[in-house]
Amino acid sequence: MSVVVLLVDNLLSSVSPAPEVDADAIWKACIALLHQSGALTPGTFSLLSSSRVVGFRDGELSVALPHGFHAQWIETHHMSNVLKALEEVAGEPFRVRFTAEDEPAHDTPPLPEPIPTRPIGSFALNQTFTFDNFIVGKSNELAHAASLTVAKHPGSYYNPLFIYGGTGLGKTHLLHSIAHVLLNNFPGASATYVSSEDFTNDLISAIFKNKPHKFREKYRTPKLLLIDDIHFIADKERTQEEFFHTFNALHRKGSQIVITSDRPPHETNLEHRLVSRFESGLIADIQAPDYETRLAILQKKAGILELSIPDDVLMFIASNVKRNVRQLEGCLVRLSAHSALHKKIDLSLAHRILADIIPKRSSVVSVEEIVRSTAQLLGVSPGSLTSRRRTAQVARARHVAMYLARQLTSLSTTDIGNYFGGRDHSTVIHAVRQITRLMESDSDFASMLSSLTQRLTA
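Residues numbered from 1 in each chain as written. Predicted model: local features only at pLDDT ≥ 70, side-chain atom pairs only at ≥ 80, totals over all residues. Heavy atoms only, no water.

Caption draft 1: The sheet that holds strand 3 (residues 95-100), seen in detail. Read across the open sheet, the 3 strands follow the order 1-2-3; overall the sheet is mixed. Whereas interior strands pair on both sides, the edge strands pair on one side only; in this sheet they are strand 1 (52-57) and strand 3. Ignoring strand direction, the axes of neighbouring strands in this sheet form an average angle of 25°. As paired elements, strand 1 and strand 2 (residues 60-65) share 5 bridges and run antiparallel to each other. Counted as the bridge partner of Val 53 is Val 63 from strand 2. (Pairing = 2+ DSSP bridges. Helix = DSSP H or I, 4+ residues; strand = E, 2+ residues; numbered from the N terminus. Axes fitted to C-alpha atoms, helices over the stretch in contact; angles between N-to-C directions.)

Written as structure tokens, this is what we have:
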């Protein structure tokens with residue numbers, strides 16, 4: 001899942017040919033892109049979120065991390081991804097130099113600190129991953145309700161809570177939301193959030209340093225343990241052994257345990273004793289969101305980013321990105337990154353900017369289907385839409401069909417105009433603008449068009 005709030009108001013003033021570069025905004029946008037692409041583990045994302053830009057000169061960013069080994073880790077494992085994301089955000093190649101906090105950087109004034117996060121242990125909770133920012137639909141309502149219950153009543157209901165679903169559907173968002181509520185309601189309580197990868201790494205470190213007591217103190221004492229992607233420990237016997245005893249210790253003392261996976265417990269290939277414990281609580285799945293939920297997610301995220309995006313662009317994204325919430329957020333990040341250059345985002349620009357995410361399709365939805373469905377819904381004959389008739393009812397239906405043809409097919413405005421009775425491409429452009437304005441001013445019409453779009457793309 002995407003922490004797109006890292007993109008601040010002046011996100012990409014630096015990508016224009018202005019003499020001053022907003023290096024801090026570029027770096028925040030780079031982190032956001034890396035996160036939404038799935039290239040970072042939660043631990044690595046937390047580490048980069050705590051970094052800060054300390055200088056910029058001659059096309060090179062100086063980025064400070066807490067310790068020297070952190071800088072070495074990022075350079076060794078993530079430098080290529082970082083450089084690629086920087087170029088995508090800035091529109092030109094950038095270099096980056098990672099330093100430790102006590103290492104001298106370029107002789108330039110420090111830039112503003114990144115947006116603060118909320119620490120729990122060694123991990124920083126994302127401040128935007130809250131229940132208020134989680135869009136509930138049929139695909140996730142059980143997982144959401146259960147998460148809210150355990151957050152308010154830890155250890156009393158659904159213990160453990162096991163949430164499973166595909167990548168980028170909101171599992172991590174729910175984990176952070178639970179932690180926020182618990183820490184607000186129980187200020188003295190302790191919580192630990194960790195990915196199964198980091199749990200394994202901590203165990204290896206404890207064995208290497210001969211400090212198993214430190215490891216057990218960290219994981220067997222909190223009021224709340226949140227562990228992400230538990231399926232990754234399936235082939236690690238020692239890690240499963242340790243997690244089994246951790247689970248039992250926490251469960252005995254009434255601590256709340258919340259676990260996520262990309263599959264249900266019996267399909268994780270974990271030891272039977274772990275599976276049976278997971279199945280003793282509540283198992284809630286998250287499915288891919290339906291069209292209405294996808295559209296609501298986009299509207300919510302656009303509001304968080306303070307992006308002004310026309311409804312037809314949001315509908316275009318919601319109609320084409322169907323399986324992954326993180327990819328929905330990624331589309332908004334991409335549009336935000338280009339908004340400073342193009343000032344106004346419209347459907348044509350969205351098609352071009354998002355071409356690698358939403359490739360042009362060879363009319364999966366045909367114009368014939370659009371005409372037939374539009375005519376049926378608006379009470380006119382299909383033939384009237386391609387005729388020269390200009391009654392108000394027919395003209396409105398024709399405009400709707402032209403708008404949908406522009407949104408849901410790869411046809412040009414000229415091709416669409418030709419289909420609708422040999423009309424000029426400017427007529428199609430006018431129709432798209434008319435329908436866009438009508439959606440903005442008439443919520444009932446927007447709802448009708450949304451339902452029609454869903455029917456055509458289902």
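So much for the structure itself; the text now carries on.
Caption draft 2: How the structure looks around the sheet that holds strand 7 (residues 191-195). Pairing in this open sheet of 5 strands is parallel, and the strands run 7-8-9-6-10 from one edge to the other. The sheet is open, and its two edges are formed by strand 7 and strand 10 (282-286), each paired on a single side. Each neighbouring strand pair of the sheet contributes to a mean axis angle of 15°, computed without reference to strand direction. Two elements, strand 8 (residues 224-228) and strand 9 (residues 256-261), share 4 bridges in a ladder whose sense is parallel. Across the sheet, the residue bridging to Leu 224 is Gln 256, located in strand 9. The sheet contacts of helix 4 (residues 141-152) involve strand 6 (161-165), strand 9 and strand 10, and relative to strand 10 the element is tilted by about 135°. Along the sheet, helix 5 (residues 171-185) contacts strand 6, strand 7, strand 8, strand 9 and strand 10; its crossing angle with strand 8, the most-contacted strand, is approximately 165°. (Contact = heavy atoms within 4.5 Å.)

Caption draft 3: Structural detail: the pattern of salt bridges. By the definition in use, this model includes 10 salt bridges. Across the pair Glu 60 and Arg 97 runs a salt bridge, and its minimum N-O distance is 3.9 Å. Separated by 37 residues along the polypeptide, Glu 60 in strand 2 and Arg 97 in strand 3 bring together distant segments of the chain. Glu 60 gets classed as buried once you look at its relative accessible area, which sits at 16%. With its nearest N and O atoms 2.5 Å apart, the salt bridge here joins Arg 273 to Glu 241. Pair noted here: Arg 273 is in helix 9 (residues 272-278) and Glu 241 is in helix 8 (residues 237-252), with a separation of 32 residues, a long-range link. Note on Glu 241: relative accessible area 30%, which makes it partly exposed. The structure contains a network of salt bridges with shared partners spanning Glu 60, Arg 95 and Arg 97. (Salt bridge = Lys/Arg side-chain N within 4 Å of Asp/Glu carboxyl O. Buried < 20%, exposed > 50% of the residue type's maximum accessible area, 1.4 Å probe, protein only.)

Caption draft 4: The packing of helix 16 (residues 392-408) against helix 18 (residues 425-441), seen in detail. Two elements in contact, helix 16 and helix 18, have axes whose closest approach is 8 Å; the angle formed by their N-to-C orientations is 100°. Considering the angle they form, helix 16 stands roughly perpendicular to helix 18. Contact with helix 16, carried on its side by Arg 396, His 399, Val 400, Met 402, Tyr 403 and Arg 406, involves Thr 427, Val 428, His 430, Ala 431, Val 432, Gln 434, Ile 435, Thr 436, Leu 438 and Met 439 of helix 18 and no other residues of that element. Class assignment for the residues of the contact of helix 16 with helix 18 results in 9 nonpolar, 5 polar and 2 charged. (Parallel < 35°, antiparallel > 145°, perpendicular 65-115°, else oblique. Nonpolar A, V, L, I, M, F, W, Y, C, P; charged D, E, K, R; others polar.)

Caption draft 5: Focus on helix 4. Helix length check: helix 4 (12 residues) gives 17 Å between terminal C-alpha atoms against 16 Å at 1.5 Å per residue, within 8%. Taken residue by residue, helix 4 has Ala 143, His 144, Ala 146, Ser 147, Val 150 and Ala 151 as its buried positions. Lining the buried residues of helix 4 we find strand 6, helix 5, strand 9 and strand 10. (Expected span 1.5 Å × (residues − 1).)

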